[in-house]
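# Geometric and topological summary
Listed below are the residues making up each chain.
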Amino acid sequence: MERPRGSFPGLEEIFTMNISMRKTSLQFKQQVLLKALLKNHPRCHTVTMIQLTATPASALVDEPVHIRATGLTPFQIVLLQASLEDEMGNMFHSQAYYRANEVGEVDLEHASSLGGDYVGVHPMGLFWSLKPEKILTRLLKRDVMNSPFRVQLKLYNSNVILINKATADPIVSLTLERWYVAPGVTRIQVREGRLRGALFLPPGEGRFPGVIDLFGSIGGLIEFRASLLASHGFAALALAYCDYEDLPCPLEKVDLEYFEEAANFLLRHPKVFGPGIGVVSICKGAEIGLSMAIHLKQVRATVLINGPNFIFDAPQVYRGQIYQPLPHSPQLLSISALGLFEFRHIFEEARVEANQTSFLPIEKAQGHFLFIVGEEDKNINSKAHAEQATEQLRRNGKNNWTLLSYPGAGHLIYPPYSPLCCASKLSNFHFLIHWGGEVIPHAAAQEHSWKEIQKFLRKHLIPVVTSQL
């Protein structure tokens with residue numbers, strides 16, 4: 001029944017109002033307590049405060065990434081881990097410990113790693129220190145066009161090593177995309193006559209300097225360096241010469257006319273800037289690259305990465321002439337404590353005893369050379385070979401060469417931030433080959449040499465229009 005206006009509440013109504021006010025007060029206290037608990041709960045701090053950033057999140061594999069962690073406790077020690085799964089399902093991991101600064105930040109451009117896979121200030125250390133779960137597995141990108149490598153970064157508390165990391169939850173994580181081809185680059189499969197390869201063209205209508213890219217005894221068609229060269233403005237032909245489609249395996253001879261056909265094919269392309277081309281080559285490919293520079297007038301600039309100055313293994317043939325390989329001494333083969341085969345010294349006796357005609361006549365080449373040498377190469381004594389080749393040029397009055405020699409670098413010098421592969425097995429051999437190298441100096445060699453390769457090619461292939469690139 002409604003109470004008359006202006007009248008006072010009865011005892012029953014007062015009792016009911018009092019109970020209602022107590023309930024409201026209790027609910028308010030519970031809400032305040034809940035907010036306090038949530039504010040101080042560590043998981044809430046993780047969600048609302050701690051951040052892990054990496055910029056750019058998607059980029060070419062040879063581009064640096066800026067990694068930062070913020071919102072940490074001042075001077076807190078944390079563990080950063082990187083992981084990558086290749087196209088064959090092989091896992092690669094790296095990790096490093098860092099201490100936050102006075103404002104609770106870890107910036108890899110300035111912070112020094114305290115331990116893990118490397119020590120010191122190395123902004124890209126988590127990438128080039130990646131190691132395979134399955135020992136001596138080589139990280140090699142096969143499909144460069146359709147998918148990147150995805151690198152997952154995770155931030156853990158520093159004591160995660162004491163527990164099972166597989167079941168531990170990271171504080172925060174993110175995933176990066178590392179591409180081997182820039183937007184707009186096109187890939188053309190090459191099956192012209194007996195040529196086998198893949199041509200990568202930069203975007204745009206203009207003409208570009210042409211480059212033939214050669215790898216070593218791994219065989220097959222390796223495209224990742226050519227695709228990156230195209231991403232930086234070169235028309236790059238990844239050229240296979242053994243163990244691919246109908247090409248021979250093993251390689252019984254090197255027919256230089258095959259490579260001459262490749263040079264002419266490249267120069268005929270309407271998007272290639274003539275009149276000459278460049279060659280980027282490593283190992284057995286560098287032996288072929290050197291011979292191309294000597295015999296083919298089309299070759300104006302040659303990059304030789306850890307190669308010999310003589311023919312080894314298979315003879316070379318060009319226009320009816322046969323050029324024999326330098327003999328080797330199998331008794332000079334070394335096998336390390338881990339059972340890794342080292343071929344570094346097997347040609348030393350022959351090199352000492354051989355006359356000048358046993359070495360490739362580099363002085364006949366009309367173009368320019370960039371020698372890149374890893375001084376810890378366990379596969380080829382590449383420093384001695386490069387020094388002998390440059391001395392041969394000097395004796396003949398030539399100064400058309402540059403020699404970059406890197407202490408601590410191994411045989412497989414690839415584009416920047418590639419993990420060091422110190423040893424691996426080739427498909428056509430039953431043993432493991434020691435490539436050599438120390439992680440940090442090898443990484444530095446890769447970063448520096450990649451810039452020098454591009455500068456060298458631009459200088460000698462398009463000296464007048466360098467500014468267009």
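Reading guide: rules and limits
- Residues numbered from 1 in each chain as written.
- Predicted model: local features only at pLDDT ≥ 70, side-chain atom pairs only at ≥ 80, totals over all residues.
- Heavy atoms only, no water.
- UniProt positions renumbered as here; feature names shortened; annotations may be inferred.
- Phe/Tyr/Trp six-rings, centres within 6.5 Å; stacked < 30°, edge-to-face > 60°.
- Helix = DSSP H or I, 4+ residues; strand = E, 2+ residues; numbered from the N terminus.
- Buried < 20%, exposed > 50% of the residue type's maximum accessible area, 1.4 Å probe, protein only.
- Lys NZ or Arg CZ within 6 Å of the ring centre and 35° of its normal.
- Pairing = 2+ DSSP bridges.
- Contact = heavy atoms within 4.5 Å.
- Axes fitted to C-alpha atoms, helices over the stretch in contact; angles between N-to-C directions.

Looking at an unreviewed UniProt entry, one finds the protein named Bile acid-CoA:amino acid N-acyltransferase, with Equus caballus as its source organism. Note on the protein: under the UniProt heading Sequence similarities (unreviewed entry), the record states "Belongs to the C/M/P thioester hydrolase family."

### Structural notes on the packing of aromatic side chains
Applying the stated criterion across every chain, the model contains 15 aromatic pairs. With a centroid separation of 4.5 Å and 10° between ring planes, the pair formed by phenylalanine 341 and phenylalanine 431 is classed as stacked. Taken together, the positions of phenylalanine 341 in strand β21 (residues 341-342) and phenylalanine 431 in the loop between β24 (423-425) and β25 (432-434) put the pair 90 residues apart, joining distant regions of the chain. No difference in accessibility class separates phenylalanine 341 from phenylalanine 431, as the two residues are buried. Every member of this aromatic cluster is reached through a ring pair, and the members are Phe149, Tyr180, Phe215, Phe224 and Tyr414. Over the face of the ring belonging to phenylalanine 127 we find arginine 178, whose NZ or CZ atom lies 5.0 Å from the ring centre. The side chain of lysine 284 reaches across the aromatic face of phenylalanine 312, ending 4.7 Å from its centre.

### A few points about the sheet that holds strand β18 (residues 316-318)
Taken together, the 3 strands give an open sheet; going across it, the order is β15-β18-β19, and neighbouring strands pair in mixed fashion. Looking at strand neighbours, the two that pair on one side only are β15 (254-255) and β19 (321-323), the edges of this open sheet. Note that β15 and β18 share 2 bridges and pair parallel. Note that in β18 the partner of valine 254 across the bridge is glutamine 316. Packing against the sheet, helix α6 (residues 284-295) makes contact with β15, β18 and β19, and its axis sits at approximately 25° to β18.

### Some details on the sheet that holds strand β14 (residues 235-239)
Pairing in this open sheet of 8 strands is mixed, and the strands run β11-β12-β14-β13-β16-β17-β22-β23 from one edge to the other. Two strands close off the open sheet at either side, each with one partner strand: β11 (186-192) and β23 (401-406). For this sheet the average axis-to-axis angle between neighbouring strands, irrespective of direction, equals 20°. Bridging between strand β17 (residues 299-305) and strand β22 (residues 368-374) involves 5 bridges; their strand directions are parallel. From the neighbouring strand, threonine 302 faces β22, where its bridge partner is phenylalanine 369. Sheet strands touched by helix α8 (residues 382-395): β22 and β23. Its angle to β22, the strand with the most contacts, is close to 155°. Strand contacts of helix α9 (residues 439-461): β13 (208-214), β16 (272-282), β17, β22 and β23, with the helix running at about 170° to β17, the strand carrying the most contacts.

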